[in-house]
Amino acid sequence: MYSEWASLSAQITANSCGAQCFSVLNKFPASAGREVVVSVVKQLGTNLGITQNAEPSHLVKDEEVKWCMDVICFGLSLPLQEHETIKDCVNVYCEWLTALHPQPRISVPKPICEDANLYARQIINHFHNLFVPRQGESADTIKRQAVLCHRVLRTLQQTAQISQQMDRQTWDTLLLFLLAINEILLAPPTVKDDVGDQLCERVLSVLFEVWLLACVRSFPSPSMWKTLQESCSMWRHRVALVDQWNRVNLALTSRLLEFSYGPAFPQLKNADEDGQLIPLGMSNDCVAQTWYRFLRMIGNPTALCSPHIISKSSHFVQWALTHEKGAETHQHPCLQMLPQIFLNAMKGISSQVDAFLGLSKTSLIGLTGGGARNAIGSSSSSSSYIHSSGSTSAGPVQGTGGVAAAPGSGITTATGAGTGSGSGGQAPAPAAAAAPTTPTSTSGPPSASSSINSLPLTSMGAGVELAVARPKCNSILHVFHEWLFEAAHIGGDTWRQNRKKQACEASKRPSSMIMEHRKGSISLSQPNSLNDPASLPPTLTIDKYESGRAEAIGTLCKIFCAKKTGEEILPVYLARFYMALQQCLKITESKECDETLASILLHSGDLFRLDLDGINVLLPGFIAALEIVLPDKDLKLKTQSMAFNRTELRRSAINILLSIMVLPLHYQSLPIRDLSSETSEKMFTFIQLKSRLMNILMNALQVETDAQNTHMLLGGLLLCVQDAVTFEETDLGGGGSGSGATHLHNSGGAQHQHHEANLLSSGCSERSASLVSTGTASLGAQTTATMGAGSGSIRDTASAHDYPSLTISDDMSFEFGQELEGVTTYDNAHALFVRATYLVCHRLISSWKTDLNVSLAALELLSGLARLHIRETDALECKRAVKWICDYICYQCSRPPPAHSKDLHSTIVAAFQCTAAWLMQHPYLLQDKDCLQTVLEVVELGISGTKSQSKSGDIPKFKDEKELKPASMRVRDAAENLLTIILEQVGYFPSECGPESISSLLDELALMKHCNSMVPAAAASTEQAIAKFKYFVTENSTILALLEEPLGNDQDPQPTVTLLIRGPFGRHAWTMQLRHLPRSKSGIKYHAVNPGRPIPMNDISQRPECEQKNFPDGVDKVQPCVADYSIPTIEQIREQYGSGSIRELELILENQSIHEKLAWAEADNSVDSLSHSQECVPPLVCQEFHAARLFLSHFGFLTFETRNPHNPAESLGTPPQRPLIVLDTKSTAFAADLDRLDKLSARTHDTVYVFYVKTGQTSAQQIIGNMVEEPSLTYDPHFAGMLQTLGWPVLVADHSGWTGFAHNSWSLKGTPEEQHQQHQLQQQLQLKSNVPSELNYNGSQRVLYWADVSSEIAFVVPTTWNLRYNSDISDGASIANSDQIGSSNVWARCESDTGTGPAKSKPRNLSLELETATGTGTGTGRTQKEPVPPTRRKGNVTKPTLLAQAPAKIFLVWLESYEDYLNFPLEDLLAYTRTGEELHSLQQPRAADCHVIFVHSLLSGLLRVKLQGPPGRMSFATPLVDGMVLSRRVVGNLVRQTALNISRRRRLDNDNYQPPHVRRRLKVQDIVQKYKMDLSEAELLAHLFQRAI
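On a predicted model such as this, the values are computed, not experimentally measured, just so you know.

Asker: Even after reading the chapter, I still don't get helix H9 (residues 168–186), so can you show me in this structure?
Answerer: A turn of α-helix holds 3.6 residues, and therefore any two residues three or four places apart point the same way. Relative to the 27 Å expected for 19 residues at 1.5 Å per residue, H9 spans 26 Å between its end C-alpha atoms, a close match to the ideal helical length. The buried fraction of H9 is high, at 15 of 19 residues.

Encoded structure:
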């Protein structure tokens, strides 16, 4: 830089020599000179005002002053025993220098005041004598010398700061003097505790601070700069040089950033005193000039790695020549600090790079911190230098700012005499002062490579955000590339080769002594001493410089990771970077992780996500590094000067792993070239790396202990399995066609056989070559898997619900099929699935069960695995997985009461949901007796709190005998839900209605239209239809609507009842008939219409006359006894009672006889008499039935046995209810309440809003405007493809599920004629709208929809229409629909109705309460000793359910430029994302609560994910992880799963959330309260005999 300029080194030498022989007194004996000095100086010293009042000086002439100065000059060179004299000399000169001050002291002689600059220059030169080291002095006298030197330095610095009259010459003299004293003190090899060692930091800091002042007042000439550079190169063996250099550089960089990038750029915060280094008046141009010159001041830092170069000054040669045993210059012990100095230099550069990248939001650095001084002070080698883990600085920290901060103190200790920057880089001084000096690997800074300064990129993705306005990578590399690339190669293969080359060249030259120009220093250039590593002491071998090398390569990684989307980096830089990385990633034989490797992994988390050209050549190297770090439980870190936090290191490694997981299947058989070898022997193809990646992932998951890391690995595992499965489905099985729908109709049979054959296939197939076979048609049926249409169910292609498959296929080359032949066994999807299921289940039970987040992530992963449709599904594996999950639930439920917390119950609820997912996708599991029993036992455990059989041999306990004590109401609700799914949905979902509804699509109105008696015109209103039905409620949770008229399609008059059942789990329609014959025989009539009359038989048979006897013939022969006479004869009676009574009796008999004769006569004459009899006709067959009565009776609803109120099992519905409650349907509001109940879905519903952000867009209007079709607008072609994989396109007009809007969801659509009209209307609207059809999913006509048995999700792509529509809603246009999302009167009821006012004590969050129809207290009518059955919180009834917390808003944002996520206008876009539910929410959705999934398309065709969401314990759900790189094959599926899991977690975390079936049950109870008729049993029976209208 200054090659054309002359150096002033000679002048420095001349000045120092001149000062020493300047005085006349040198001509006399030393004793004579000493006496003169003592007497003269004592006299001068008394006038200064130190011991007595100051007087004006008696020296009035120039000669007098010069004479005195001659004496003082000699006095300053006296031996240190004359301390008092020297001290007086210093005091005099320091006073006289005030002549340069605005107000000189009174004691300054007049001539000096008049020509201050001239005299000042002489005084400054004379001071040189004070600093000359005296040989053989004791430590005490050296300390005294140091104190006087401090005084002089302080005076000179103060003078330079406040003097207004210093001219350029004086400035040059001052700078040269400072250079000279630094030279004399610092150039010799360091000797502990000599004056140079004690003054080292102080003289350097004064030199640099005064130099900076000079840059403002009198900018030094190029010659001065050249001299400074040359001088500094002679002091590089001093630790303080690099520390002070770093300090100045950072202070200048801070100012440089301020004016280069403006106030918005993150400020580089330095310590306060470091901030004052830069003088106030320094212009921007001056800052820039000074910054660059200072940066280049110590030359190339990599020279510090060569002790030969550092020790080639004359001082070292002199030491080597005078050494008693003879030694090489590079063997001086002080050079053992070189590795530490090199590390500090690299850290300084790293800190500057961080500052340019904007990583300076926290205090970066205390590079001048006490660590270095401490290391010298204890004369320890570099290995004793330890980073403090607690703060960003190291070693003991000076509380005061050294002497500079305490001008009056006079003396400080050696280490304390450090600097004005002792607490250099500490932002909060107290915290820094307490910094521990022992490393704690667990709680350390995120990376120890950053240790003092450079901040690492932290965990989930890039934790520390880079500045948006940061300079381009090229710009930073232009400044630092030379040093960083060289430093990164130190000790590597290329470095060793270069060394050998140099050695060869040197050996060709004759061995000689070369006299250097600079101060005549001698350089020994014998080849053996130049490059022979054997002659180096063991503490200076090249591996000791590892820490600095690690810092350099880490810094390079940070620079390249800062690349923005579309930014170009020069190929030469990329090439050098890749070469350096490949050198540094070389794995040693010991398989240890050294500092370089750790530094690379910590700082290159983003390397594979940035579209860096050719980055994939490093893939094998990185995989080898990950194989060392991730699978090792107790990772051995081979460190010297850096302390690494193992957890952070693993996290960074996992980030890299997540960014390369999908590469093998993406690039398939593409070869990866080896950078180092010319031949192609070592060439890998991508697909060969797949099994290694899988092994790393599995092994890492096996040993990982950190929750966040485990969470990330679980997300990566599902990505792998999903990617492999989808790849086999589309690219292999489908032969590249990918549209599963084309195979559906012909593949049912093939699929079935295939499935049976593989029920028990083993964990890993022998070879994965079978994957390539594209002939099997078995793929087709399984493609429905990706859309979750259910497990065994193959949609009929002719059905109206034939949705396309939600997968994308990439074409597969034939070569790839060949390539797969040689792949290892763990490569096919089935083997991966088995291994993943086993590993996750095992760890879930063994070690993850206590951690909420990891448990949830594992259960989410298992649910995801359940949904995968793998051709060779292993029934045994699936059964085992379900068994594991059930065991997990049992274990969690059985934990002791103190462990039962909200978190524990959240994991149990999630496990029930996971079990449901497995059973829905694998219904054949319920055919297995053991599996069925296991699942139902767990359901029973969830509902009641205990199992009937705790052990297999126990006698089962019936439910009436059990006490109802579920773990919590949430657990009970989840278990009920699972039971319903098992009984109603497994194997039957989706029903004929399609996945959009699990309820029947029939209601009263629809049924009445099909009713025989209904005139079509009359079916005008729901109220009229309802009037035809009878409504009953059973079990306080199910409404039965009975229609007694047969439907129009019924040919056969039978007792028929049509039943609409509205329960907690939906609405179901049944038609029931009472049949006395099976249907097969019911057409045969067993009776003729008129059977006719039999012919009378006229031959009357003769009957013999016979006399009737009352007694047997021989009765008279029997001898009577006394007993025979006990019954009197009639005559005896007459005698006894008189004849009156007998006469009455005879009269009655006579009358009766007459009546009978008359009656006979009358009958003979009547038409009905036998003589006039009619023919016998059979009765007419009954056509009118009271079928409702029959149904209720047959199904046991009319058995009025009383329930025992004291038995908890019987008092399920408190208060004890009759089996049947009649509802009064005459009220006009009844129809509206029923409609509200129908509008409460039995599944959860969520909405995801999709946005497309073009490069640089930051306003909501621009982003929404992207969805308007204009010829100029172009979209990423993959965006529309992703939309298609998110869900099925549905027409809102025909759709009966969730549409993304509360007002038109879950509504029954009209007749086919009406729908046809709507279609025509929509087509007209479509023509008018400007939205491209494949993107038009804003909810006005079409929306993307997906559903499974327990959840629905709508994907809406908002346009300006959404804002208009939303403003209409909020204006109150649809307030009438306010209850449609569930906030009906059950929420509006006042507190007093429920019997528990707000004043009552609030139940604990986890208290168990049972649903109640009336508001009676929980324990009324019972003694306290009896167990109180669990009850549901009343608060739930009086509050809106889901609405106590605003529903989670989930955004999916496609970014053209990744950096735009920083400026995404979340707040403004909320207005476009209303569903209509917000009206009833207690709080409006806030931007801070929104979850955003950013997807950025890389040039490779892969997609990079960025997650953003509210900070919370449960906010981030899997499978997507921040920073993950996905293939397009799986993006829709994984985004959908993540959105569903985010919503599930949010519900689990919400105290007031109620599942849909609970909300429906509460709504039914509310209807019961409003419309029930209190009928006695008799009235109820009478009511049954009344006809409906």
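Asker: How do you make sense of the environment of Thr1473 when you look at a structure like this?
Answerer: With respect to the helices and strands, Thr1473 occurs in the loop between helix H53 (1466–1469) and strand S17 (1491–1497). Considered as a pair, Thr1473 and Ile1450 are 23 residues apart in the sequence and their alpha carbons are 9.6 Å apart.

Asker: What should I look at first to understand the pattern of salt bridges in this one?
Answerer: Across all of its chains, the model carries 35 salt bridges by this definition. Residue Lys558 pairs with Asp354 through a salt bridge whose shortest N-O separation is 2.9 Å. Of this pair, Lys558 sits in helix H23 (residues 546–561) while Asp354 sits in helix H17 (residues 338–357), placing them 204 residues apart in sequence. With a relative accessible area of 3%, Lys558 lands in the buried category.

Asker: Even after reading the chapter, I still don't get the packing of aromatic side chains, so can you show me in this structure?
Answerer: Working definition: an aromatic ring pair is given by the centre-to-centre distance plus the angle between the planes. One pass over the structure, following the stated rule, counts 37 aromatic pairs. For the pair Phe608 and Phe622, a centre-to-centre distance of 5.2 Å together with 85° between the ring planes defines the contact as edge-to-face. One end of the pair, Phe608, is in the loop between helix H25 (595–603) and helix H26 (619–629); the other, Phe622, is in helix H26, with 14 residues separating them in the sequence. As far as the burial class goes, Phe608 and Phe622 line up, both buried. Between Tyr1461 and Phe1494, the aromatic rings sit 5.8 Å apart at their centres with planes inclined by 55°, giving tilted as the arrangement. Here Tyr1461 is found in the loop between strand S16 (1450–1455) and H53, whereas its partner Phe1494 is found in strand S17, with 33 residues between them in sequence. The residues Tyr1461 and Phe1494 share a single accessibility class, namely buried. An aromatic cluster of at least three residues, connected via ring pairs, comprises Tyr1249, Phe1251, Phe1451, Tyr1458, Tyr1461, Phe1464 and Phe1494. The ring of Trp483 carries Arg296 above its face, with NZ or CZ at 4.6 Å from the centroid.

Asker: It is not clear to me how the nonpolar core should be interpreted in this structure. Could you clarify?
Answerer: Proteins that are soluble and globular tend to have nonpolar side chains buried together. Trp96, Phe131 and Trp918 are the most contacted members of the largest nonpolar core, which has 340 residues in total. When residues in this core are grouped by element, the largest group, 14 residues, is from helix H10 (residues 195–217). Once you skip the residues sitting within four places of it in the chain, Trp96 turns out to touch Leu44, Leu59, Cys68, Met69, Ile72, Ser107, Val108, Pro109, Ile112 and Ile123. Among the nonpolar cores identified, the runner-up in size contains 24 residues, and Leu1005, Val1033, Leu1223 and Leu1234 belong to it.

Asker: Got a minute to help me understand the sheet that holds strand S13 (residues 1288–1291) in this structure?
Answerer: Each strand in a sheet pairs with its neighbour through backbone hydrogen bonds, running either in the same direction (parallel) or in the opposite one (antiparallel). Here eight strands make up an open sheet; going across it, the order is S13-S14-S15-S12-S16-S17-S18-S19 and the pairing mixed. Only two strands of the sheet have a single partner each, and these edge strands are S13 and strand S19 (1525–1526).

Asker: For this particular structure, what's the right way to read the pairing of S17?
Answerer: A regular strand places its side chains on the two faces of the sheet in alternate fashion. Buried residues dominate S17, accounting for seven of its seven residues. Of the strand pairs in this sheet, S16 and S17 are connected by six bridges, and their pairing is parallel. Residue Leu1455 lies in a different strand from S17, and its bridge partner there is His1496. In terms of strand pairing, S17 meets strand S18 (residues 1503–1508) through six bridges, oriented antiparallel. Residue Val1495 lies in a different strand from S18, and its bridge partner there is Val1505. Adjacent in sequence and paired antiparallel, S17 and S18 are bridged by five residues, among which Gly1501 carries a positive phi angle near 95°.

Asker: Got a minute to help me understand the sheet that holds strand S11 (residues 1221–1223) in this structure?
Answerer: What the six strands build is an open sheet, ordered S10-S9-S8-S7-S11-S20; its pairing is antiparallel. In the strand order of this sheet, the two ends are held by strand S10 (1066–1073) and strand S20 (1572–1573), each with one partner. Inspection of the sheet shows strand S7 (residues 1030–1034) paired to S11 by two bridges, in the antiparallel sense. Note that in S11 the partner of Val1033 across the bridge is Ile1221.

What counts, and at which threshold
Residues numbered from 1 in each chain as written. Predicted model: local features only at pLDDT ≥ 70, side-chain atom pairs only at ≥ 80, totals over all residues. Heavy atoms only, no water. Helix = DSSP H or I, 4+ residues; strand = E, 2+ residues; numbered from the N terminus. Expected span 1.5 Å × (residues − 1). Buried < 20%, exposed > 50% of the residue type's maximum accessible area, 1.4 Å probe, protein only. Salt bridge = Lys/Arg side-chain N within 4 Å of Asp/Glu carboxyl O. Phe/Tyr/Trp six-rings, centres within 6.5 Å; stacked < 30°, edge-to-face > 60°. Lys NZ or Arg CZ within 6 Å of the ring centre and 35° of its normal. Core = buried A, V, L, I, M, F, W, Y, C linked by side-chain atoms within 4.5 Å. Contact = heavy atoms within 4.5 Å. Pairing = 2+ DSSP bridges.

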